[in-house]
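Read off the chains here:
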Amino acid sequence: MENSAMTQVILPLALFTIMLGVGLSLSVADFKQVFRRPGVTALGIGMQLLLVPVLGFIVVTALDLPPALAVGLMILTFAPGGATSNMITLLARGDTALSVSMTAIVSFIAPFTLPLLTLSALQHWMDSAEFTGFPVLPTMMKLVVMTIVPVAIGVFLHHRFPAFCQRLQKPVKVLSMLFLLLVVVGIVKTNWTRLPELVAVLGPAVLLLIALAFGAGFGIARQCGIEHKQALTLGIEVGIQNAGTALLVTGTVLQNAEMSAAALTYGVLMNLPAFALIFYRNMRTNALPA
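On a predicted model such as this, the values are computed, not experimentally measured, just so you know.

**Q** Can you walk me through the environment of Asn282 in this structure?
**A** The residue Asn282 is located in helix H14 (residues 271-283) in this model. A C-alpha to C-alpha distance of 6.9 Å links Asn282 and Ala92, two positions 190 residues apart in sequence. Contacts of Asn282, omitting those with residues within four sequence positions, involve Leu91, Ala92 and Arg93. Reaching out from Asn282, the side chain makes a polar contact with the backbone oxygen of Leu91 at a distance of 2.7 Å. Within the local environment of Asn282, its side chain forms a polar contact with the backbone oxygen of Ile278, the two atoms lying 2.7 Å apart.

**Q** What am I meant to see in the environment of Phe164 here?
**A** Note on placement: Phe164 falls in helix H9 (residues 162-190). Classification of Phe164 by relative accessible area gives partly exposed; the value is 40%. The spacing of Phe164 and Leu24 is 140 residues in sequence and 9.8 Å in space, taken between C-alpha atoms.

**Q** What is the right way to read the packing of helix H5 (residues 83-91) against helix H6 (residues 96-106) from this model?
**A** Axes are the key here: two packed helices are described by the angle between their axes and the distance separating the axes. With their axes 9 Å apart at the nearest point, H5 and H6 run at an angle of 175° to one another. Relative to H6, H5 is oriented roughly antiparallel. Along its contact with H5, which presents Ser85, Asn86, Thr89 and Leu90, the element H6 presents Thr96, Ser99, Val100 and Thr103. Grouping the amino acids of the contact of H5 with H6 by side-chain chemistry returns two nonpolar, six polar and no charged.

Definitions and cut-offs
- Residues numbered from 1 in each chain as written.
- Predicted model: local features only at pLDDT ≥ 70, side-chain atom pairs only at ≥ 80, totals over all residues.
- Heavy atoms only, no water.
- Helix = DSSP H or I, 4+ residues; strand = E, 2+ residues; numbered from the N terminus.
- Contact = heavy atoms within 4.5 Å.
- Polar contact = N/O pair within 3.5 Å; in protein donor to acceptor, adjacent residues only side chain to side chain.
- Buried < 20%, exposed > 50% of the residue type's maximum accessible area, 1.4 Å probe, protein only.
- Axes fitted to C-alpha atoms, helices over the stretch in contact; angles between N-to-C directions.
- Parallel < 35°, antiparallel > 145°, perpendicular 65-115°, else oblique.
- Nonpolar A, V, L, I, M, F, W, Y, C, P; charged D, E, K, R; others polar.

This is how it looks when you write it as structure tokens:
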């Protein structure tokens, strides 16, 4: 992806606005949820940060993805879910408070783990001619500014002006979606001639990753004795990644169209199993555990 206003200005603005929206929906009580059930939250975050990258490595290796696509998909596994997973949890009748509290904590961890893991992925899949270095510390700082700072601002505003923040949430979400739509259009335009080929290669890998991540998250939680509703929430949190953060790294920092295509393909295809889960949960309200 060329170094343009799309990747250097609009994409960071989109992510900043999205994360501000996350912060506006959080309260101090959401952070306290972590201490009420530390074991469940720690298990979920551990699976998000450790298990999903392992599953991603298995998928890209088993399907023998081209190096750039492999790195793009791996970067996605390093970016745990955000507002999207919260919304899916709500619509699928999961434990929304648990989902939000996990988002609150992982939003402060991922900016430091993602650049280090990205460096490892680049070193593993890209040869010296394609990869000459990755700015770990500058990327950490960029992610802090794009994720932690807006979340902190949002939490502060929610604490001081809750009624105002309630009214502000909708326009912030609309604005963030408009920014993100512009970014998606730019990425599609850049990859237009290769889009069918990229989707054909990435589609099976993306759907397999989502299925494995959700299945592992839900299954491990149940094996640990966690109740169905909370296990479902962990499955969603583990299965849904933050495509916006992945696009920031692949598009703004690495400026690689193929890597960005991996994140974009995921962002589109993840809606298919998400909608299926929401439909299933709501069509069988009485048959499923609460």
